[in-house]
Structures are given as structure tokens and as C-alpha cells.
Amino acid sequence: MARTTGTTGAADTKGTTGTAGMADGRVVVVTGAGRGLGRAHALAFAAQGARVVVNDLGVGLDGQPGPDGPAALVAEEIRAAGGEAVPHGGDIATAAGAASLVECAVSAFGRLDTLVNNAGFLRDRMLVNLDEDDWDAVMRVHLKGHFLPLKHAAAWWRAEAKAGRPVSARVVNTSSGAGLLGSVGQGNYSAAKAGILGLTLVAAAEMGRYGVQVNAIAPAARTRMTEQTFAETMAAPAEGAFDAMAPENVSPLVVWLGSDASAGVTGRVFEAEGGRITVMEGWRPGPTADRATRWTPAEAGEAALKLLAASQPPGAVYGAQG
């Protein structure tokens, strides 16, 4: 199963009812927040007292324009519950759209505290059938759609820090199990989600000096992208049973990462599914051989086989046979 991005959701512990929540007073931007995980995150942040910019372009699963404008509906849902929210329908995979996203938050609420990068769609094909356009489209929305909002938000926070105004900013990026392990039929998606992990590590290292923490999640939930592809795994449970694949299960961790409560946590990756949270430990040096001189090909192969025998096997690629 590929761990992917967002369907329904209300939140608990209402900051919007007057009780101070974990995100009380923070201004939060969530991309791809019209449906699924993004919608669940937006509602959860609002429930914890945040003012929310709800971004969604309103496109279908393949990135083509859809018939409705879900961002406005989610923003209205938050306002109806007593919260504060504004919609943003710009294309965050363009420089102008990403810049307007930050401008929207600052114009509406006077500041920006948290960015949740979540927008995405699928164009699944086996590699031999994967068109260049399908590769480019998925890279654009996932990887470029993370980079540009992060770039413009980071520039705003850097300017605030240099002006002597305190910054306690948070970024939560959305990767996937497909990015961690790979997923058959999702070469474009897996590559984009792996790229997001690298981007997260670099951003955490570069932006820490300005008061910005950057982390990533690899969620598994029932979304438009997963409910058909992984229909059996994503099926709703019997009435009254815990719905492990509900997107709302992922949002509490995202709210915590996007709040002041996560102080000191940066450059980390978490898997989140149902009631399970896992810290992913990533690439680390394993068994090593060093002869302090050049190997012949045969010697290098012999050494490599010995090292592999002493190493931990990699996790299975999602969808692989055998």
C-alpha cells in the first residue's frame, strides 16, 4: 500500500468554542485542504484555535480542473463552527500562486506561523507506460508544490527574524510510504515523495537559525487517491468499530508538529496511520569495509557481498510480488 495524501472530518477539542487550544492564535496555511487529509488538518487546526488559510485548486485526481471550489466550502465550515478561515484558490506550484498564498495569510490575519504542504494527485503507470507529461505533472504538484510555498514562507520568516521580530514557525511536509520504500506503478509519485524528504532535511538545516522547524509525515488514510487503488485496505469498518483509515487520525500529529508544543523537533519524518505513530530513521551508515586503497572490480564485489550479508534487508516495495 502506498502511504498517501486526503476524506471527511470534524475535529475534537474545540479552540473555536472559547477554550484555548494547542494552536491558539497561530495562523496556519494548509495546501490541498479542500478534501481528504488537507481538509481534516484544516478543521483540526481550527478546532485548536488557529486561524486557517484553506488552499485548494479544486482539481480532480489527475490534476484537471474540477466542477466545484472546495476551499471556500471548508473555510465556510470552519467559520460556521465559530473559527476564522479564508479560502485561497491559487496554484501553489507556480511562483505567483505560492507568493499569493503567503500574502493571503498576512493580509487576512497579519502573519504566518505554520505551513502544511499537502496538495497532490496521482497519475499512476508502470514505468514502461509512464508518459513524460505524467511524470512532469506529478513532480510539479508534489515536489514543486512543496518547494514554492516553502520558499516564499521561509523568505517571509527570514525577513521577520532579521527585523528583530521573534519567529516560532513550523512547516509540515507530506511524503508517503511510497517515498520511503517505493510503490509499484507509482514511479513518478514515489520519486516526488522521496524528493520531499530530501527537501525537508535541507530546509530544516537552513531555516533553523530563523526560528523555523521543518518536519515531514508519511500518512496512510482513506482519500480520493487511495480509496480506489487500495479499495480493500481502505474500506470503512463495521459501524461502531475504529476507522483506522480515517484521515482525521493523522491530523493530531500534524497539529502538534505545527504548534509551539513541538519546540525542538525538526528535520524528522513520522509515519502516521490509525492509532500508530512511527519515527522513521532514514538512511544511516551500515556495515563498511575500507582497505585504504583502490579495489579491483572483483575485490569490490566480494567486499560488497560480505557487507550485504551483514546488513539489514530493505523494506519491501509496496505492490512487489514475492
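Here the structure is a predicted model, which is why all the values come from computation and not from measurement.

Caption draft 1: Molecular detail of the overall build of the protein. Within the protein one finds nine helices and eight strands. Element-wise, carbon and sulfur atoms account for 56% of the exposed surface of the protein, whose accessible area totals about 15000 Å².

Caption draft 2: Here's a closer look at a negative patch on the surface. Negative charge collects at one region of the surface, where Asp131, Glu132, Asp133 and Asp136 lie side by side. For Asp136, the location among the structural elements is in helix α4 (residues 132-162).

Caption draft 3: Structural context of the packing of aromatic side chains. According to the stated counting rule, one finds zero aromatic pairs in the structure shown. Directly above the ring of Trp295 sits Arg291, whose terminal nitrogen or CZ lies 5.2 Å from the centroid.

Caption draft 4: View of the packing of α4 against helix α6 (residues 187-207). In contact at an axis separation of 8 Å, α4 and α6 are set at 15° when each is read in the N-to-C sense. As summarised for this structure, α4 and α6 are arranged roughly parallel, according to the angle between their axes. Viewed along their axes, α4 and α6 form a crossing whose handedness is right-handed. Residues Asp134, Trp135, Val138, Met139, His142, Leu143, His146, Phe147, Leu150 and Ala154 of α4 lie in contact with α6, whose contacting residues are Gly187, Asn188, Tyr189, Ala191, Ala192, Lys193, Gly195, Ile196, Leu199, Ala203 and Met207.

Definitions and limits used
Residues numbered from 1 in each chain as written. Predicted model: local features only at pLDDT ≥ 70, side-chain atom pairs only at ≥ 80, totals over all residues. Heavy atoms only, no water. Helix = DSSP H or I, 4+ residues; strand = E, 2+ residues; numbered from the N terminus. Areas by Shrake-Rupley, 256 points an atom, 1.4 Å probe, with all protein chains shown as cover. Patch = residues over 30% accessible without salt bridge, like charges linked within 9 Å, V, L, I, M, F, W, Y side chains within 5 Å. Salt bridge = Lys/Arg side-chain N within 4 Å of Asp/Glu carboxyl O. Lys, Arg positive; Asp, Glu negative; His and termini not counted. Charge placed at Lys NZ, Arg CZ, Asp CG, Glu CD. Phe/Tyr/Trp six-rings, centres within 6.5 Å; stacked < 30°, edge-to-face > 60°. Lys NZ or Arg CZ within 6 Å of the ring centre and 35° of its normal. Axes fitted to C-alpha atoms, helices over the stretch in contact; angles between N-to-C directions. Parallel < 35°, antiparallel > 145°, perpendicular 65-115°, else oblique. Left-handed = near helix turned anticlockwise from the far one by under 90°. Contact = heavy atoms within 4.5 Å.

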